[in-house]
Amino acid sequence: MRVLFVCNNAYNLGNGLSTSVKNTMAVLRRHGVDVRLMAVRNPDPCGPQPDFPLEHFKFPIFEPIIYANGFCYAKNDRKRIAEAVGWADIVHLEEVFPLEYVVCKMARKMGKVCTATFHLYPHNITANLGLRRKSLLNRLIMRVWMRAVFNHCTDIQCPTAVVKSYVERFGAKARLHVISNGISIPEEPVQASSVDAGAPVNVICIGRLSSEKSQETLLNAVRQSRYAERIRLIFCGNGPKGKKYRKMADRLCRDGVLKTPPVFGFYSHDELSQLVRSSYLYVHCAWVEVEGLSCLEAMREGIVPIIAEGPLIGTSSFALCRESLYPVGDSRALAERIDWWIEHPEERNEMAQRYADSAREYDIDRSAEALIKMYRTALESSGR
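Thresholds applied
Residues numbered from 1 in each chain as written. Predicted model: local features only at pLDDT ≥ 70, side-chain atom pairs only at ≥ 80, totals over all residues. Heavy atoms only, no water. Axes fitted to C-alpha atoms, helices over the stretch in contact; angles between N-to-C directions. Helix = DSSP H or I, 4+ residues; strand = E, 2+ residues; numbered from the N terminus. Parallel < 35°, antiparallel > 145°, perpendicular 65-115°, else oblique. Contact = heavy atoms within 4.5 Å. Nonpolar A, V, L, I, M, F, W, Y, C, P; charged D, E, K, R; others polar. Salt bridge = Lys/Arg side-chain N within 4 Å of Asp/Glu carboxyl O. Buried < 20%, exposed > 50% of the residue type's maximum accessible area, 1.4 Å probe, protein only. Phe/Tyr/Trp six-rings, centres within 6.5 Å; stacked < 30°, edge-to-face > 60°.

As a packed pair, helix 12 (residues 331-343) and helix 13 (residues 345-358) sit with axes 5 Å apart at the nearest point and diverge in direction by 95 degrees. Regarding the angle of helix 12 to helix 13, the classification is roughly perpendicular. When helix 12 is examined against helix 13, the residues Trp-340, Trp-341, Ile-342 and Glu-343 are found in contact with a partner set consisting of Pro-345, Glu-347, Arg-348 and Met-351. Taken together, the residues that form the contact of helix 12 with helix 13 break down as 5 nonpolar, no polar and 3 charged.

What follows is the structure in structure tokens.
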């Protein structure tokens, strides 16, 4: 089975989609699939390169915003696209942008099977253009995506049931499969670290500092917490909102709300694991999130998450109790959840282990097996 992955940008360390593509391809290869990549060239000449490299297309006017959010677009080199599509049995689309539209159209002409993964809501894009969460433009974009790409695919991977429900509302013609993008799981079960009552409270938040990740909810919540003086905030990630959030954090310190200045940084995988294991709580604030692998990866290390709950948040499905959920954007409710866990350290320690154990259900090897089954279904249904 020869599978071509199509993704504009597969080499940005701060981009969750890029990480997912890289990890999924590696595991599929372990399972015997001949999988290759068509994407923009890696800007690091010493790093790995796509099998079918494309040049970077600099988008007029919006390129600074696109770059700040860790993304780039590919030039539509039709000769290279034809070469890549001609090689494949299955063309797997990781996005729904101009590149994927051209690839999908060429695949149809060449009689190739197309499948896709739903990685982005339209809201992920419009939020970074400063548009409102509820916008007619979001529905229009989704309809265009359905007509241009998704409805020409035989099968679509939906990382969560929330995503499947959303795609169904737009009249999907493809078969929809709820398959997590998955995370790597250690062979031995993790033993979650216990935290003593009265200890300093590290609250960690992982993700790009951007509009849709909504980290300001956490900064506002700390101002309303009864235990703010014990809390140390740790923000892991870069992004266009970094300057604003640092100013908000400085103000919390000047006002005497926080005794320990919040930490902002970008960390390696191993460094992140150590930070998570030394933290008391993980907070996921995003108001739009297809899956939220950073949350799963934190749970894997043995930590209790508090997750925003809303109609566009697949991450909330990971919660094991109501105390791990709060209404999206509600900083007061988030403060109450943080305070509850601080007041109940024994429950926190017990649930930390339960979360570590539950993360094992999202083993990326299981996801790869489910994807391979999806590919076989796609080929069989097409008569190939």
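Oppositely charged side chains can form a pair if their charged atoms are brought close together. Scanning all chains against the criterion turns up 15 salt bridges. One salt bridge connects Arg-2 with Asp-89, and the closest N-O pair in it is separated by 3.6 Å. With Arg-2 in strand 1 (residues 2-6) and Asp-89 in the loop between helix 3 (78-87) and strand 6 (90-93), the pair connects residues that are 87 residues apart, well separated along the chain. Assessed through its relative accessible area of 34%, Arg-2 is described here as partly exposed. Between Asp-365 and Arg-30 there is a salt bridge, with the nearest N and O atoms lying 3.2 Å from each other. Here the residue Asp-365 occupies a position in helix 14 (residues 364-381), and Arg-30 occupies one in helix 1 (residues 16-30), the gap between them amounting to 335 residues. For Asp-365, a relative accessible area of 23% translates into the label partly exposed.

This part takes up the packing of aromatic side chains. Overall, the coordinates contain 10 aromatic pairs when judged by the stated rule. Taking 6.3 Å as the distance between ring centres and 50 degrees as the angle between the ring planes, the aromatic pair formed by Phe-52 and Trp-87 counts as tilted. Of the two residues, Phe-52 is situated in strand 3 (residues 52-54) and Trp-87 in helix 3; the sequence distance between them amounts to 35 residues. For the pair shown, Phe-52 and Trp-87 are each scored as buried. Their ring planes at 80 degrees and their centres at 6.3 Å tell us that Phe-97 and Trp-145 sit as a pair that is edge-to-face.

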